[in-house]
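Next come the chains, spelled out residue by residue.
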Amino acid sequence: MTIDPLSHFSRQELLRYARHLVLPHVGVEGQARLKAARVLVVGAGGLGSPVAMYLAAAGVGTLGLVDFDVVDASNLQRQLLHGESDVGRRKLDSASDTLREINPHVEDIHHPVRLSSENALAVIEPYHLVVDGSDNFPTRYLVNDACGLLEKPLVFGAVLQWEGQASVFAAPGGPCYRCLFREPPPPGAVPNCAEGGVLGVLPGLIGSIQGLEAVKLILGEGETLAGRFLIFDALEMRFRELTLKRNPSCPVCGDEPTISALIDYEVFCGVAPAPGGPKPEVPERDPAEVREMLESGTPPLLLDVREPYEWEIANLGPLGAVPIPMTEVPKRVEELPRDRAIVVVCHSGARSAAVARTLARLGFPDVSNLRGGLLAWSRDVDPSLPTY
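Rules behind the numbers
Residues numbered from 1 in each chain as written. Predicted model: local features only at pLDDT ≥ 70, side-chain atom pairs only at ≥ 80, totals over all residues. Heavy atoms only, no water. Helix = DSSP H or I, 4+ residues; strand = E, 2+ residues; numbered from the N terminus. Rg over C-alpha atoms; globule rule 2.2 N^0.38 Å. Buried < 20%, exposed > 50% of the residue type's maximum accessible area, 1.4 Å probe, protein only. Core = buried A, V, L, I, M, F, W, Y, C linked by side-chain atoms within 4.5 Å. Contact = heavy atoms within 4.5 Å. Axes fitted to C-alpha atoms, helices over the stretch in contact; angles between N-to-C directions. Parallel < 35°, antiparallel > 145°, perpendicular 65-115°, else oblique. Left-handed = near helix turned anticlockwise from the far one by under 90°. Nonpolar A, V, L, I, M, F, W, Y, C, P; charged D, E, K, R; others polar. Salt bridge = Lys/Arg side-chain N within 4 Å of Asp/Glu carboxyl O. Phe/Tyr/Trp six-rings, centres within 6.5 Å; stacked < 30°, edge-to-face > 60°. Lys NZ or Arg CZ within 6 Å of the ring centre and 35° of its normal. Polar contact = N/O pair within 3.5 Å; in protein donor to acceptor, adjacent residues only side chain to side chain.

1. Notes on the overall build of the protein
Thinking step 1. Check the secondary structure of the protein and you find 15 helices and 13 strands.
Thinking step 2. In terms of overall dimensions, the protein is globule-like: its C-alpha atoms have a radius of gyration of 23 Å, near the 21 Å expected for 388 residues.
Thinking step 3. The principal-axis extent of the C-alpha atoms belonging to the protein is close to 85 × 50 × 40 Å.
Thinking step 4. Scored against the burial criterion, the 388 residues of the protein give a buried share of 48%.

Right, dumping it as structure tokens:
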């Protein structure tokens, strides 16, 4: 029996998708493919916003959204799924309201979890493809490896400051993220968006490219970014492209893959210590502990290793903090006392941990790291300290 693709759509849907139905390479059959598709979007933030909104508008039948965060005022500059009235709400709830307004015919499924090696395969398995809108290396490696193991195409995107990147990984015969970046960078070497900033328009552009690639994969039309790595410089308004090839020795998609199960990606990326492993080279101190040290008769020196523009937003100058950016510390160690305790401070604790280890190796006898950085200080000690 021949099935009429038009029977898949209500009258309202036919009107809604009219511009697709007359479009070459889409048409009724292509729109039926979109309606039958199940796409998982990792992150309902800067990249996830345009991806989810455009895929919903395009008529992708099932959209899964992974996010465990709540809306913060600092999100609103770029995360268009959310508005002023959503501050404090779960991002998934806010996103659902927005997507329902865009297209009530789309089913959105919530996954209010932090993806981990314990749950990623189960979350990803029911979907046809995955769009990664995450903003950290552990999640990127986790999603890449999970998609490789499950043979699910992965649409990658990343943004920082004025630059964006996009590609398609884990497509049949194509490279994966590990073919390009076998190992993660050292912790703190690459700032996140909160530390380095991001132009609000940029995620809209890169996320739209991700949405476009997802639609092409569903339709089976056009040439995707599989095997290509797109780099966009917003300041110069230039696109560059790198050709990528599958690495035969890649541990995920190589000729003899060595990764057959998901690992602990926090440990792999160096942002968490290995269980049972050696203790950190320098101690980590909670904000409350550092506050007690500052109130003692021998207060430590607070060394703030953030960038000058971050210092201008918020700082512990009134408590005696001294600003020396991370990259300048090795050249200015003579400015630091060796007969006084030093607590290194940054935005979230990653850069400061790296600097603290460097100082310890240079012979400073009493160096520690403020666990969680100024974010933790604002949360636990002084809520009046601005966060960003």
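After that view, the rundown keeps rolling.
2. Focus on the nonpolar core
Thinking step 1. The biggest cluster of nonpolar side chains holds 40 residues, and the ones touching the most others in it are Val39, Leu55, Val60, Leu63 and Ile206.
Thinking step 2. Here this core gets 7 residues from one element, more than from any other, and that element is helix H10 (residues 201-219).
Thinking step 3. When sequence neighbours within four positions are dropped, the list of residues in contact with Ile206 reads Leu47, Gly157, Ala158, Val159, Gly164, Gln165, Ala166 and Phe232.
Thinking step 4. Core analysis: the second largest hydrophobic core is formed by 26 residues, Tyr141, Cys147, Leu262 and Cys269 among them.

3. A short note on the packing of helix H3 (residues 27-36) against H10
Thinking step 1. Where H3 meets H10, the axes come as close as 9 Å, and the angle between the chain directions of the two elements is 110°. Looking at the two axes, H3 sits roughly perpendicular to H10. Where H3 crosses over H10, the two elements pack in a sense that is right-handed. In this structure, H3 uses Gly30, Arg33 and Leu34 to contact H10, whose residues at the interface are Val215, Ile218 and Leu219.
Thinking step 2. Grouping the constituent residues of the contact of H3 with H10 by class yields 4 nonpolar, 1 polar and 1 charged.

4. Examining the pattern of salt bridges
Thinking step 1. Applying the stated criterion across every chain yields a total of 17 salt bridges.
Thinking step 2. For Arg371, the salt bridge identified is with Asp286, shortest N-O distance 2.5 Å. Here Arg371 is found in the loop between strand S13 (367-370) and helix H15 (373-380), whereas its partner Asp286 is found in the loop between strand S9 (284-285) and helix H12 (287-294), with 85 residues between them in sequence.
Thinking step 3. Relative accessible area serves as the criterion here: at 37%, Asp286 is assigned to the partly exposed category.
Thinking step 4. Among the salt bridges present, the one from Arg306 reaches Asp304, with a minimum N-O distance of 2.8 Å.
Thinking step 5. Arg306 gets classed as buried once you look at its relative accessible area, which sits at 2%.

5. Thoughts on the packing of aromatic side chains
Thinking step 1. Within this structure, the stated rule accounts for 11 aromatic pairs.
Thinking step 2. On the basis of an interplanar angle of 35° and a centroid distance of 4.6 Å, the ring pair of Phe232 and Phe239 is categorised as tilted.
Thinking step 3. By relative accessible area, which is 3% here, Phe232 ends up buried.
Thinking step 4. Judged by relative accessible area, Phe239 falls into the partly exposed class, the value being 45%.
Thinking step 5. Sitting above the plane of the Tyr127 ring, Arg38 keeps its charged end 5.2 Å from the centroid.

6. Structural notes on the environment of Glu118
Thinking step 1. Residue placement: Glu118 occurs in the loop between strand S3 (107-111) and helix H6 (120-124).
Thinking step 2. Residue Glu118 is classed as exposed on the basis of its relative accessible area, which comes to 69%.
Thinking step 3. With 207 residues separating them along the chain, Glu118 and Pro325 place their C-alpha atoms 37 Å apart.
Thinking step 4. A distance of 3.2 Å separates polar atoms of two side chains, one belonging to Glu118 and the other to Ser117.

7. Digging into unusual backbone geometry
Thinking step 1. Here the phi dihedral of Gln161 falls at roughly 55°; this positive angle occurs in a residue that is not glycine.
Thinking step 2. Summarising the element assignment, Gln161 is placed in the loop between strand S5 (154-160) and strand S6 (163-169).
Thinking step 3. Backbone geometry at Met237 places phi at a positive 50°, although glycine is not the residue there.
Thinking step 4. Among the structural elements, Met237 can be located in the loop between strand S7 (228-233) and strand S8 (238-243).
Thinking step 5. Overall, the relative accessible area of 58% leaves Met237 in the exposed class.

8. So, helix H4 (residues 48-58)
Thinking step 1. Counting buried positions over the 11 residues of H4 gives 8, a clear majority of the element.
Thinking step 2. Of all the positions in H4, only Gly48, Ser49, Pro50, Val51, Ala52, Leu55, Ala56 and Ala58 are classed as buried.
Thinking step 3. Looking one or two residues past H4, Gly59 carries a phi angle of roughly 95°, positive in sign.

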